[in-house]
Number of protein chains: 4
Amino acid sequence: MGGNNSVKIISFVQIALVCVYPLPGFLFPYTKTHILILMSGNCFGQVFKVITFGESHGAAVGCVVDGCPAGLLLDVETVRRDLARRRPGGGGVSTSRREADEPEILSGIFEGRTLGTPIAIVIRNMAQRSADYDKLKDVYRPGHADIVWDIKYGFRDHRGGGRSSARETAARVAAGAVARVLLTGSGVTIHAWTQAIAGIEAPSPDSDNFDPNEAEKNIFRVPCRRTADRIAAKIEELRDAGESAGGVVECRVQGLPAGLGDPVFDKLDALISQAVISLGAVKGIEFGAGFSASRLTGSQNNDRPLPGGCPPGSARTVAYSGNSAGGVLGGISNGAELVFRAAFKPVPSIAKKQLTVDRFGREVELEIGGRHDLCVCPRAVPVVEAMTAIVLADLMLRRRSDRLA
Amino acid sequence: MGGNNSVKIISFVQIALVCVYPLPGFLFPYTKTHILILMSGNCFGQVFKVITFGESHGAAVGCVVDGCPAGLLLDVETVRRDLARRRPGGGGVSTSRREADEPEILSGIFEGRTLGTPIAIVIRNMAQRSADYDKLKDVYRPGHADIVWDIKYGFRDHRGGGRSSARETAARVAAGAVARVLLTGSGVTIHAWTQAIAGIEAPSPDSDNFDPNEAEKNIFRVPCRRTADRIAAKIEELRDAGESAGGVVECRVQGLPAGLGDPVFDKLDALISQAVISLGAVKGIEFGAGFSASRLTGSQNNDRPLPGGCPPGSARTVAYSGNSAGGVLGGISNGAELVFRAAFKPVPSIAKKQLTVDRFGREVELEIGGRHDLCVCPRAVPVVEAMTAIVLADLMLRRRSDRLA
Amino acid sequence: MGGNNSVKIISFVQIALVCVYPLPGFLFPYTKTHILILMSGNCFGQVFKVITFGESHGAAVGCVVDGCPAGLLLDVETVRRDLARRRPGGGGVSTSRREADEPEILSGIFEGRTLGTPIAIVIRNMAQRSADYDKLKDVYRPGHADIVWDIKYGFRDHRGGGRSSARETAARVAAGAVARVLLTGSGVTIHAWTQAIAGIEAPSPDSDNFDPNEAEKNIFRVPCRRTADRIAAKIEELRDAGESAGGVVECRVQGLPAGLGDPVFDKLDALISQAVISLGAVKGIEFGAGFSASRLTGSQNNDRPLPGGCPPGSARTVAYSGNSAGGVLGGISNGAELVFRAAFKPVPSIAKKQLTVDRFGREVELEIGGRHDLCVCPRAVPVVEAMTAIVLADLMLRRRSDRLA
Amino acid sequence: MGGNNSVKIISFVQIALVCVYPLPGFLFPYTKTHILILMSGNCFGQVFKVITFGESHGAAVGCVVDGCPAGLLLDVETVRRDLARRRPGGGGVSTSRREADEPEILSGIFEGRTLGTPIAIVIRNMAQRSADYDKLKDVYRPGHADIVWDIKYGFRDHRGGGRSSARETAARVAAGAVARVLLTGSGVTIHAWTQAIAGIEAPSPDSDNFDPNEAEKNIFRVPCRRTADRIAAKIEELRDAGESAGGVVECRVQGLPAGLGDPVFDKLDALISQAVISLGAVKGIEFGAGFSASRLTGSQNNDRPLPGGCPPGSARTVAYSGNSAGGVLGGISNGAELVFRAAFKPVPSIAKKQLTVDRFGREVELEIGGRHDLCVCPRAVPVVEAMTAIVLADLMLRRRSDRLA
């Protein structure tokens, strides 16, 4: 940020006076000088409900999972393991903020099993370096939510995004770990990986015999070593240019029973879409053939069910001639592998100098320091898996409750 | 407690065996011969809530809009007009089922204005030709939800899809008409059109001066006459081959105030995604640069805010150097045009003979008659607009309620 | 109302200008002259959800029942029968507004059975005599919600209460009829009756052998002919004095399985209380020994379970030494009869002249004409049953979904 | 479809038999030996939402308050102070379990003010003495939820009630402390006290000049020293007899603006009833004249508004000739003092020997040791206040969001 931008932030009180207007004050008289805002949408799910809490630079982030059935084996180590996959990996793609990410389970567990009661999990924030953000308090970083926060809320916590920070996803991963226990016990496995970075695509793994651990062997989480090498070279080049990269994460779910999802608003793919696009950097999602399906003909795109499938009600999976559908028909899982891809935009915080504006509408030159990922995809992989697990756990429980006898 | 009560607690495992199986069937004794299923997910929205009801071949479809503010001018003609846009257009792309689609408003209106109370709208089904579907009752049509309904519910209404029918979207359009009144009054306009059919793409209209009515001038709702002609030729070819086509619908919202959407699960784009992917034939959605963003660098993709923007709180729209973001940053509208595209798969009901299986798992050859669209995009355009309007109306009301003073 | 009260109502537009304040108009610019209000709380239940719609003097009232399982025998006659019990009975206790109350089921039914999809039921308003209310438009009737509507909404539909009218309870009774089908099939029977009017109490019927139809034999729905006669005399006396009466309705549920209700906020008795106190005239509710329990000692009030009860999980009902609990322990049904009483205030619309104020704060003398019940209890009986049925149907379905295996 | 596919659809009944039994156990195969239960109803409120978590003998109890507006002054001391009022008071009426009840606020606070984001508060359990409960594990204590837990869940945590424990109310008090900050800032004050114990009633305080602290001066929280002395003598007597006592708590809210509550299901009194009856020991609730109103005539019970009240929209409070309504008309606050009373049953855990049954249905003699209150009313006072505060905070925010302009 140019040294000439020395304008002080106007006081909180002043902002309030400017933004809030003379409203029917009698209900909340004390608000004359403060903004009364509340934030909706911290809760997700119907039966398997997740609420997350916590700010980037507060005491802790965490979640309450309400609606997890009793009897599941769940220990803190399971949660810790999933959180570890989300931590910065090194290798130059990710931020150097180092959080221990040590979860504590406060409730809902008795003798190593879930009780059916709400499960509260807390992850304390340790490695906050608020000072890193001081010089950003008046400036809107391009591609970030800074400007919309000011417009929406009239003020913002400039220290790492506050509630909007990617740190919030740690709470989602903790909740996803609980969901995953439920799913794994039912034979459902979820694997995501980086399918492309900066336009360099990995060949699509064969559904029938792919090694889900292959992608974990390199820092990009690309399921192909050769592609990983090409990406490494590209990333090096982008770093030198002070740039960042976007990418695509693919997720596949195996062993998913047919019949999940509801036919109207709560279709399986509709709920997955909300869950995955609720990750800040995702700009698109597609299922099965996805956008390519729009260029196919009916007979090319129709997956026909193969003879010999089991009778209704007993079939866990059904065989089809192909999987253009990506495992979902009319919003309901069809017994094939669930396949979707999410497009992530390049990280907006780049080393390169950028022009932007400050909160007073003046053009300023911005140079961002601090700790930032060069591409979010590798760390996004476990978060995509977590959100998928949360949706599927919810739909499996909803399916059980929908079938009353 | 008497000392003689020394009986040990039976083990957890044993309790489970004793208590849980056989499942307490006594609760619903009459279900011995019938399936007890209920269908979730008929409700959408938080403040501006929409519930739809009705089956394809029942007495009526309809909706209740709960949470529409009082004082809006609303007459039945407004609803009728939107429903008319969804009706089959002719020209060979759409079904020949002809519904009058005459809406009746049963409540929530007084002297031409909304009362703030629930608005119930009913559209009676008239042109049901159930017999068309008789021969399909045992067969699973490829690409349709038939097979998953049997798996999920154990039975299905084979007459046109029942609750899963596209007829249900008439109720969404009616609810969307109410939402649109609210939005239009606030200066928000929503326009969708067919951006591509069968891979033939229309040039992208210029945001600053495009004619939203251009697309309404041809039966494909493509905003370019030349492209429409090419599509017409392609459709003719596909019809001869007994095939069908997919396509892409683009939607743009102008005049949308910045600040809509919540930072965690209920991001603007996340909710639009759920809403649009809850339309049966949609296989993907992308915002702004969408999947292409994954191939850009940070500086290419960042839209930088331009100087001279209004101070926080007062700005309706903000100027940016570009619109890769598609109008949404961190899940919150940023004051630019909201832009998204949805990919529709080809209509699965094709004239061509197809192999499939029947409910007993035997291979059968299927030839579908009846009335079917060749490509859903033209008729999907008003439905995409309706779902977008419902989400935006909800978020505008939520924004109002979030800002308490 | 005195003839000197000729002050005209100020126009709708003017009211808006007065009440609304200069609010952040940019979101809803058209509201400068109209009030933007929406009414929450039209929806009830979690799994068996009921939404009601309709105003007293609009086209219709009705409900959508979302979450009713498939397979239940349900015809329009069942709904009509329950509605008939709510209609004015004659005998001088009830209003002379005569509605046919003919329900139409628009969706969710196929071949005489529920489909599991939303059930929409419409009851058209026929016998509206809006003119009856003309002279009341500026005056606040004591004991009515007129004044709070003006304070809350800035305007009100003075014709019979609009959305607040007791007419709305017809929609609840229709929804309750659906719930009752589900309960009856499970062996649960709900019976309410008038336990007291104007302080004249009927002897409490013996739970083990009482005739639920006894109360239906007189217009007061009192389960004792002798008491009914005494009440008839008292009512005659009150009519002559231009007065009205309050009363107590008792409700008992037999055959209710143990285990309904959740241990924290959604206790069985908590939900019944919300449901019953959401009837406008109810001022109190008590379960089992109720307020008397506060005067007993622990050993007097404790119902001890009797030996020989069935093992856990299999017991439908459990025998106790008494029923001070009224069938609920820790918020969960305990297998005994569910017993509660609701206190209804006297009808506020009385023939006697009353002093009150008009909307301009001036004292006026009011004389109410029109059609009014002298005591609501007889007609409230089926409404109390309906609300109880809705809560119990919801909890039975929730119990099923809570027990996942 | 080939003409050879003439197989008839099997009958509906047959489908059911085939598909539904055995129940699709495949979804949760690991449940063969464990019970899958989940507990609903841990969440309360619409805009100001509270979720509580934690078991009596787990690591902690706590809450997340989602929907509290930003800008409120809130420190841990405020929460601690309310929790202290709920702690056992000594004087022989309450349990000797001594919890420090030290709250920690984990999120939602920044520089001493609320952020508008979820507020998580944790209270660790310290003084658990699980061994006290060992001998109770097979026996159903009369008047307790033991038996219904076994019926509902098949197992129960016998150590102090687990999730059903009164310890859970500490989390409610913490959430209530947040609600109270919001209310106090708006001039709304809530005061509850013990109105009667064991049938000994305190004279009703005068609304216009009573000292809310009077009740805090004695261990019974009775607002009259003379009555407190009589109760002390009675309690002594009951203790000698190995008995316990019930009582009545009265709650009054002053400064409540008119207009809170919604006209259909979410009436102010309906929501207060759910909130207060969701406290385990409450058996009844009444508003204003309550059950006595059922014995009055219309003119006796009608509170008439007094002239000189303010014009609509501006009036905070309105003067009436009386307060039979208890401050609520048609479910909406009318500007008068909100008054209600809740009846508490006597504590079921008594020193006296009692007959009961064990889990095998055999009669046993039970003598309860451990730490128990003799009457819950004194400690229930702050809990009733907390639940009232939570409802009112929610309705005040809902009112704000309902009035959109």
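Keep in mind the model is a prediction, meaning the values are calculated, not measured.

**Student:** What is the right way to read the relation of the copies chain B and chain A from this model?
**Tutor:** Copy one and copy two of the chain differ by a rotation about an axis and a translation along that axis. With an RMSD of 0.0 Å, the operation that places chain B on chain A is a rotation of 180 degrees combined with a shift of 0.0 Å along the axis. Taken together, the turn and the small shift mark the pair as related by a two-fold rotation axis.

**Student:** Help me understand the packing of helix H2 (residues 76-86) of chain D against helix H4 (residues 168-185) of chain D in this model?
**Tutor:** In a pair of packed helices, the angle between the axes and the distance between the axes together describe the arrangement. Residue and element names in this part refer to chain D. It is at 9 Å that the axes of H2 and H4 come closest, and there the two elements cross at 135 degrees. As far as their axial angle goes, H4 and H2 are oblique. H2 and H4 meet at a crossing whose hand is right-handed. The segment H2 lies against H4, with Thr78, Val79, Asp82, Leu83, Arg85 and Arg86 engaging Thr169, Ala170, Val173, Ala174, Ala177, Arg180 and Val181. Looking at the contact of H2 with H4, its residues break down into seven nonpolar, two polar and four charged.

**Student:** Where do I start with the interface of chain B and chain A in this structure?
**Tutor:** Many structure descriptions define interface size as the accessible area lost when the parts assemble. Listed as interface residues are 117 residues of chain B and, on the opposing side, 120 residues of chain A. Interface of chain B and chain A: buried area, both sides summed, is about 9,300 Å²; carbon and sulfur atoms make up 62% of it. Three residues stand out in chain B for area buried against chain A, namely Lys152(B), Phe265(B) and Lys283(B), and they jointly supply 10% of the buried area on that side. The shortest N-O distance in the salt bridge between Glu363(B) and Arg304(A) comes to 4.0 Å. The interface formed by chain B and chain A includes 37 residue pairs in polar contact (both at pLDDT 80 or more). The biggest single contributor to the side of chain B that touches chain A is helix H3 (residues 146-153) of chain B, with seven residues. Classifying every residue of the side of chain B that touches chain A by side-chain character gives 57 nonpolar, 36 polar and 24 charged. As defined by bridge partners, strand E11 (residues 282-287) of chain A adjoins strand E11 (residues 282-287) of chain B across three bridges and the pair is classed as antiparallel. Bridged to Ile285(A) within E11(B) is Ile285(B).

**Student:** Honestly, the packing of aromatic side chains in this entry has me stumped. Any pointers?
**Tutor:** Centre distance and the angle of the planes are the two values used to describe a pair of aromatic rings. The final tally for this structure, using the stated rule, is 10 aromatic pairs over all chains. Seen from their ring centres, Phe287(A) and Phe340(A) are 5.7 Å apart, and the 40 degrees between their planes marks the pair as tilted. Of this pair, Phe287(A) sits in strand E11 while Phe340(A) sits in strand E14 (residues 338-344), and the two are 53 residues apart along the sequence. Across this residue pair, the class does not change: Phe287(A) and Phe340(A) are buried. Aromatic pair Phe44(C) and Phe265(D): ring centres 5.4 Å apart, planes at 35 degrees, arrangement tilted. Here the residue Phe44(C) occupies a position in strand E1 (residues 43-44), and Phe265(D) occupies one in the loop between strand E10 (247-254) and helix H6 (268-277), the pair thus bridging two chains. Among the residues examined, Phe265(D) registers a relative accessible area of 1% and is labelled buried. Its end group placed over the ring of Phe360(B), Arg359(B) keeps NZ or CZ at 6.0 Å from the ring centre.

**Student:** What is the right way to look at the pattern of salt bridges in this model?
**Tutor:** Close approach of charged atoms lets side chains of opposite charge pair. Overall, the coordinates contain 120 salt bridges over all chains when judged by the stated rule. Of the charged contacts, one joins Arg180(B) and Asp82(B) as a salt bridge, the two residues approaching to 3.2 Å between their closest N and O atoms. Here Arg180(B), found in helix H4 (residues 168-185), pairs with Asp82(B), found in helix H2 (residues 76-86); they are 98 residues apart in sequence, far enough to count as distant. An identical accessibility class is assigned to Arg180(B) and Asp82(B); each is buried. Several salt bridges share partner residues, and in doing so they unite Asp82(A), Arg85(A), Arg180(A), Glu216(A), Arg221(A) and Glu385(A) into one network.

**Student:** Hey, could you run me through unusual backbone geometry in this one?
**Tutor:** Note: most peptide bonds trans; most residues except glycine with negative phi. Residue and element names in this part refer to chain B. Of note in this structure, Arg221 is not a glycine but carries a positive phi near 60 degrees. Structurally, the position occupied by Arg221 is in the loop between strand E9 (200-201) and helix H5 (225-240). Relative accessible area serves as the criterion here: at 11%, Arg221 is assigned to the buried category.

**Student:** Please explain the sheet that holds strand E9 (residues 200-201) of chain A as it appears in this structure.
**Tutor:** Working definition: the strands of a sheet are paired by backbone hydrogen bonds and lie parallel or antiparallel to each other. Within the open sheet, the 10 strands sit side by side as E9(A)-E8(A)-E10(A)-E14(A)-E11(A)-E11(B)-E14(B)-E10(B)-E8(B)-E9(B). Their pairing is antiparallel. For this open sheet the edge positions go to E9 of chain A together with E9 of chain B, each flanked by a neighbour on one side alone. Where E11(A) and E14(A) come together, five bridges link them in antiparallel fashion. Within the sheet, the bridge partner assigned to Ile285(A) lies in E14(A) and is Ala342(A). Of the strands in this sheet, E11 of chain A together with E11 and strand E14 (338-344) of chain B are in contact with helix H6 (residues 268-277) of chain B, which crosses E11(B) at around 155 degrees.

**Student:** I'm lost on helix H5 (residues 225-240) of chain C in this one. Help?
**Tutor:** Side chains that are three or four residues apart share a direction in an α-helix, a result of its 3.6 residues per turn. All names here are of chain C. With 16 residues, H5 should cover 22 Å at 1.5 Å per step; its first-to-last C-alpha distance of 23 Å lies within 8% of that length. Every buried residue of H5 is accounted for by Thr227, Ala228, Ile231, Ile235 and Leu238. The buried residues of H5 occupy one face: seen down the axis, they fall within an arc of 95 degrees. Those residues of H5 that are exposed and angled more than 90 degrees off the buried face are Arg225, Arg226 and Asp240. For H5, the secondary structure elements touched by its buried residues are strand E8 (189-197) and strand E9 (200-201). Positive phi shows up at Gly242, right after H5, with a value of about 70 degrees.

**Student:** Even after reading the chapter, I still don't get the pairing of strand E7 (residues 119-124) of chain A, so can you show me in this structure?
**Tutor:** On any regular strand, side chains alternate: one points to one face of the sheet, the next to the other face. All names here are of chain A. Among the six residues of E7, five are classified as buried, and the element is accordingly described as predominantly covered. By the bridge criterion, six bridges tie strand E3 (residues 60-66) to E7 in an arrangement that is antiparallel. Bridging from a neighbouring strand, Val65 pairs with Ile119 of E7. Where strand E4 (residues 103-105) meets E7, three bridges bridge the pair, whose relative direction is antiparallel. Within E7, the position partnered with Glu104 by the bridge is Val122.

Cut-offs applied
- Residues numbered from 1 in each chain as written.
- Chains lettered and ligands numbered in written order.
- Predicted model: local features only at pLDDT ≥ 70, side-chain atom pairs only at ≥ 80, totals over all residues.
- Heavy atoms only, no water.
- Least-squares fit on C-alpha atoms with pLDDT ≥ 70 in both.
- Axes fitted to C-alpha atoms, helices over the stretch in contact; angles between N-to-C directions.
- Helix = DSSP H or I, 4+ residues; strand = E, 2+ residues; numbered from the N terminus.
- Parallel < 35°, antiparallel > 145°, perpendicular 65-115°, else oblique.
- Left-handed = near helix turned anticlockwise from the far one by under 90°.
- Contact = heavy atoms within 4.5 Å.
- Nonpolar A, V, L, I, M, F, W, Y, C, P; charged D, E, K, R; others polar.
- Buried area = accessible area lost by both parts, 1.4 Å probe.
- Salt bridge = Lys/Arg side-chain N within 4 Å of Asp/Glu carboxyl O.
- Polar contact = N/O pair within 3.5 Å; in protein donor to acceptor, adjacent residues only side chain to side chain.
- Pairing = 2+ DSSP bridges.
- Phe/Tyr/Trp six-rings, centres within 6.5 Å; stacked < 30°, edge-to-face > 60°.
- Buried < 20%, exposed > 50% of the residue type's maximum accessible area, 1.4 Å probe, protein only.
- Lys NZ or Arg CZ within 6 Å of the ring centre and 35° of its normal.
- Expected span 1.5 Å × (residues − 1).
- Arc of directions from axis to C-beta.

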